[in-house]
Amino acid sequence: MRQKSLEVLEFDKIKSLIEEEAISDLGREKVRELAPSADFETVTFQMDETDEISQIYNKERMPSLSGLAKVASIIHRAEIGGVLNVNELNLIKRLIQIQNQFKTFYNQLLEDDEQVNYPILDDRMNQLPVLTDLYQSIHQKCDAHDLFDDASIELQRIRSKISGITQRIRQNLDKIIKSQSNQKKLSDAIVTVRNERNVIPVKAEYRQDFNGIVHDQSSSGQTLYIEPASVVEMNNQISRLRNDEAVERERILTELTGEVAAEFESCLISEQIMGQLDFLTAKARYARKIKGTKPTFTQNRDVYLPKAFHPLLDRETVVANTIEFAEDIQTVIITGPNTGGKTVTLKTLGLIIVMAQSGLLIPTLDGSKLGVFENVYCDIGDEQSIEQSLSTFSSHMKNIVDILQEASRNSIILFDELGAGTDPSEGAALAMSILDYAHQMGALVMATTHYPELKAYSYNREGVMNASVEFDVNTLSPTYKLLMGVPGRSNAFDISKKLGLPIGVIQKAKSMIGQDEQEINAMIASLEQNAKRVENQRIDLDRLLREAQSVHDDLEKQYNKYQNYEKHLMDQAKDKANQRVKSATREADDILKELRQLRDQKGADVKEHELIDKKKRLDNQYEADSLKKDVKKQKWDKIEAGDEVKVLTYGQVGEVLELLDHDEAVVQMGIIKMKLPLSDLEKKQKEKQQQPAKMTKRQNRQNVKMELDLRGYRYEEALVELDQYLDQAVLSNYESVNIIHGKGTGALQKGVQKHLKQHKSVASYRNGMPSEGGYGVTVAQLK
């Protein structure tokens, strides 16, 4: 795109603001290289890429990219055989750490919400190499500035020796400096280092008292730094060990550098992707500051920017305007007063197009549409050149000539004060001729002008539309609001009246301009009001349409999710039912097989409890429905204590024992007592005939067995059977009876023993002895 246009539109200032948001040199370098593209596929890809990162940045706390640095030169040096130092290795380690943290963050993002879809970022994450082994090698051997002592066994041995000898030297020197006889001979009672040797500061006049090597002296010559002879050999040992340490250190660094060289291409890929992510995150941060939105790009030359504003102006005070080239409109002419915002409108349009084609979110409301233009041409501002002896008019005209020579149908041209700087009549004619030429070329044109002749320009030409910037005659200042489709009207009479010009003078002036022009001004005023109303309605309609579409998309997504879940449940239910049928079939086959074996072994003499055991195994395959039913009450009679009622949700008959607050009652259903709401009870009529007194027939002792087998019974049936049996056992004067309930889950055993504990005829009970059936039998002692 034309560099001169980028300079006029101040695109470099936008890039500088984005550069401040980047973390690394990688990101900042990419921002400096940022330029608009004219290729449709490239433009849409860059915008989608920025939008994906912006969505994540606005929703999530992204991992830090702090410490990310350029490592390409380091990696290239490793690849050609150079040896990297610890700091360089740590830069590579930090790169790997950052990429791993970001990949972990992204994978967690996908796990938390399966609906998210970031195809471009997903592709980048899949390209990231696995460098965990290289990271671990550097991490285990390098600290912030040096190798760890345990980077190798040899290095640990050497440093351990150095530490031991150094300690002995310190002890030896401490004795010397702490000796009372040496206190006055030393400049200071400390051990210091000169030429990597441990020395003591000795006053020059006492040099002969200390046998050793002088390594240095103070600037005044009063202090000598002497290495006592007693530690010379130990210092020599340390020097030899230091050399050994350097050799081992070089070996380890060479080994680590070799590992980096082996991952040469992978490291470069990681650097490229993470640098791109820093660049995109910087764009996302800037977009958030200007509340940028994603435009829709079309193959047509669409321009629709709802409530657009210039991103370099103060966000709190800038006036947002809708800038649009309506369908079949090719040229827009803006008229209005000076300092009314005409030039800002041109710059806003041009800068937003450049930003969008550079992959930046733009400062408009949602719903913007843009075509992709080959170039943006600008003739904005005073380009008077003293050096070239060009006047303002000549300078503008030279620029316009260049534009008309280069522009094409797929260009957008911005003319500021077209034809200004010369005779008004000639300037107006020249402006109309230039507009006609650009119109025939097919380029989109937006021009500002003061010439009244251009107000009527659009009325006899197709594809041309007027626009104006509003002026408030009450405050005598522009409002900076753009009115599309309405030419600017003269405010001279209103301004003069406001400033106090006599009415007579104003009336005479009106009579001079003619009735037609007065009517035109009145028509323009009416058009201004209608344009404002229509624009506000259109903005609201666009917003409602986007909200409706968003709701529709959400509902469709939820409906599809529901259908998938329903299908999943049905498949689960079918699978479970099939498994249950297969299990029951296998169980029935096993039972039949066992019954045949019993018949073959015992003939026809198969005991009843054996058949009950087999039946119970089949009953265990049965999935019981909930006892509760969804039944609506039919009668609303008044219910009192003692009434016989039907409990609707359970389908059982019971007796009301007590009425409670909050429309509830205590109801006895057989052996079960429950608290139920009155709305769940339906009153029944008690039978009036006298019921005969219940009598227990005394059975012959020989007809009542000493044991009761409850295996195969359901819980409630077993307790009813147990009650009847105990009554008969008491009448038969039994002292004890055996209740056979089986082991099973233990539920029936607990129920039987609980019932025996509360029964009036039972003195005590115990579990059966092994010979009596063990835990499958309870023995009850009767009163």
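Criteria and cut-off values
Residues numbered from 1 in each chain as written. Predicted model: local features only at pLDDT ≥ 70, side-chain atom pairs only at ≥ 80, totals over all residues. Heavy atoms only, no water. UniProt positions renumbered as here; feature names shortened; annotations may be inferred. Helix = DSSP H or I, 4+ residues; strand = E, 2+ residues; numbered from the N terminus. Expected span 1.5 Å × (residues − 1). Buried < 20%, exposed > 50% of the residue type's maximum accessible area, 1.4 Å probe, protein only. Axes fitted to C-alpha atoms, helices over the stretch in contact; angles between N-to-C directions. Parallel < 35°, antiparallel > 145°, perpendicular 65-115°, else oblique. Left-handed = near helix turned anticlockwise from the far one by under 90°. Contact = heavy atoms within 4.5 Å. Pairing = 2+ DSSP bridges. Salt bridge = Lys/Arg side-chain N within 4 Å of Asp/Glu carboxyl O. Phe/Tyr/Trp six-rings, centres within 6.5 Å; stacked < 30°, edge-to-face > 60°. Lys NZ or Arg CZ within 6 Å of the ring centre and 35° of its normal.

The name that an unreviewed UniProt entry assigns to the protein chain is Endonuclease MutS2, with the source organism given as Staphylococcus auricularis. If you open the UniProt record of the protein chain and go to Subunit (unreviewed entry), you find "Homodimer. Binds to stalled ribosomes, contacting rRNA." In its Sequence similarities (unreviewed entry) section, UniProt records this for the protein chain: "Belongs to the DNA mismatch repair MutS family. MutS2 subfamily."

In this model, helix H12 (residues 342-356) (15 residues) spans 22 Å end to end at C-alpha, consistent with the 21 Å of a helix rising 1.5 Å per residue. Burial runs high along H12: 12 of the 15 residues are buried. Inspection of H12 places Lys 342, Thr 345, Leu 346, Thr 348, Leu 349, Gly 350, Leu 351, Ile 352, Ile 353, Val 354, Met 355 and Ala 356 among the buried residues, and these make up the whole buried set.

A few words now on the packing of helix H3 (residues 25-32) against helix H11 (residues 264-289). The geometry of H3 relative to H11 is characterised by a closest axis approach of 8 Å and an angle of 65 degrees between their N-to-C directions. Put simply, H3 runs roughly perpendicular to H11. Judged by the twist between their axes, the crossing of H3 over H11 is right-handed. Across from Leu 26, Gly 27, Lys 30 and Val 31 in H3, the residues of H11 making contact are Glu 271, Gln 272, Gly 275, Gln 276, Asp 278 and Phe 279.

In spatial order, the strands read E1-E2-E4-E3; together these four strands make up an open sheet with antiparallel pairing. For this open sheet the edge positions go to strand E1 (192-194) and strand E3 (212-217), each flanked by a neighbour on one side alone. In this sheet, adjacent strand axes meet at a mean angle of 50 degrees when their direction is disregarded. As defined by bridge partners, strand E2 (residues 197-203) adjoins strand E4 (residues 223-228) across four bridges and the pair is classed as antiparallel.

Taken as a whole and assessed by the stated rule, the structure comprises 27 salt bridges. Here Arg 32 ties to Glu 19 by a salt bridge, and the two come within 2.7 Å at their closest N and O atoms. With Arg 32 in helix H3 and Glu 19 in helix H2 (residues 11-21), this residue pair connects regions lying 13 residues apart in the sequence. One salt-bridge network, in which partners are shared between bridges, spans Asp 146, Asp 149, Arg 159, Arg 242, Glu 245 and Arg 249.

Here the focus is the packing of aromatic side chains. In total, this model carries one aromatic pair according to the counting rule given. With a centroid separation of 5.7 Å and an interplanar angle of 65 degrees, the aromatic rings of Phe 102 and Phe 105 are classed as edge-to-face. Taken together, the residues Phe 102 and Phe 105, both in helix H6 (residues 86-112) and three residues apart, mark about one turn of the helix. Comparing Phe 102 with Phe 105 shows no difference in burial state: the two are buried. Above the ring of Tyr 225, the side-chain terminus of Arg 194 is found at 4.1 Å from the ring centroid. In this structure, Arg 315 is placed above the aromatic ring of Phe 309, and the distance from its NZ or CZ to the ring centre is 4.1 Å.

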